[in-house]
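Residue-level listing of the chains:
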Amino acid sequence: YKGVHRKAWVDNSLLFGDVAEVLAALTQARIMPALSKGAPLAMLHYRSHALRPMSDVDVVVRERDLARAEAIIAAASGWRR
């Protein structure tokens, strides 16, 4: 299990680094993002974020900011809905 834990830790660490860049870009554009589901649980409630392997992150924005947020996220990371 040590190898599985290490891989999850590395994968989540890289994912969270990408998310930090996206959140910074949205915040700079005065869009207030929120994270939902697995990411906030892993960061706030698990002893180690590696205990909750993830392959995506759910970013929530206000409906009125959606089009602008999608453009910013795509430019910052290449992610898409």
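Our structure's up above, just so we're on the same page.
The paragraphs below set out a description of the structure included in this document. Treat the numbers as computed from the prediction; the structure is a model and nothing was measured.

Thoughts on the layout of surface pockets
Size it by volume and the largest pocket reaches roughly 310 Å³. Along its surface, the largest pocket is lined by Val 57, Val 59, Val 61, Leu 66, Ala 69, Glu 70, Ile 73, Trp 79, Arg 80 and Arg 81. A per-element tally of the lining of the largest pocket places helix α3 (residues 66-77) first, with 4 residues.

Considerations on the environment of Arg 81
Mapped onto the elements, Arg 81 comes out in the segment after α3. Owing to a relative accessible area of 78%, Arg 81 belongs among the exposed residues under this scheme. As for Arg 81 and Val 59, which are separated by 22 residues in sequence, their C-alpha atoms are 10.0 Å apart. Not counting chain neighbours up to four residues away, the residues in contact with Arg 81 comprise Leu 66 and Glu 70.

Topic: the packing of helix α1 (residues 2-28) against α3
Each pair of packed helices can be described by the angle between their axes along with the distance between the axes. At a minimum axis distance of 9 Å, the contact between α1 and α3 shows a crossing angle of 135 degrees. The angle between α1 and α3 places the two elements in the oblique class. As α1 runs across α3, the sense of the crossing is right-handed. Facing α1, whose interface residues are Glu 21, Val 22, Ala 25 and Leu 26, α3 presents Ala 69, Ile 72, Ile 73, Ala 76 and Ser 77. Looking at the contact of α1 with α3 residue by residue, the class counts come to 7 nonpolar, 1 polar and 1 charged.

A few points about a nonpolar patch on the surface
On the surface, Trp 9, Val 10 and Leu 14 cluster together into a nonpolar patch covering about 270 Å² of accessible area. By the element assignment, Val 10 lies in helix α1.

Quick notes on the environment of Val 19
Among the structural elements, Val 19 can be located in helix α1. Residue class for Val 19 comes out buried when judged on its relative accessible area of 4%. In this structure the C-alpha to C-alpha distance between Val 19 and Leu 66, which are 47 residues apart in sequence, comes to 17 Å. With sequence-adjacent residues up to four places away left out, Val 19 is seen in contact with Leu 35, Val 57 and Trp 79.

The rules behind each value
Residues numbered from 1 in each chain as written. Predicted model: local features only at pLDDT ≥ 70, side-chain atom pairs only at ≥ 80, totals over all residues. Heavy atoms only, no water. 1 Å grid on protein atoms, 1.4 Å probe; cavity = no way out; pocket = protein on both sides within 12 Å on 5 of 7 lines; lining within 4 Å. Points joined across faces, edges and corners; volume = space filled by probe spheres on them. Helix = DSSP H or I, 4+ residues; strand = E, 2+ residues; numbered from the N terminus. Buried < 20%, exposed > 50% of the residue type's maximum accessible area, 1.4 Å probe, protein only. Contact = heavy atoms within 4.5 Å. Axes fitted to C-alpha atoms, helices over the stretch in contact; angles between N-to-C directions. Parallel < 35°, antiparallel > 145°, perpendicular 65-115°, else oblique. Left-handed = near helix turned anticlockwise from the far one by under 90°. Nonpolar A, V, L, I, M, F, W, Y, C, P; charged D, E, K, R; others polar. Patch = residues over 30% accessible without salt bridge, like charges linked within 9 Å, V, L, I, M, F, W, Y side chains within 5 Å. Areas by Shrake-Rupley, 256 points an atom, 1.4 Å probe, with all protein chains shown as cover. Salt bridge = Lys/Arg side-chain N within 4 Å of Asp/Glu carboxyl O.

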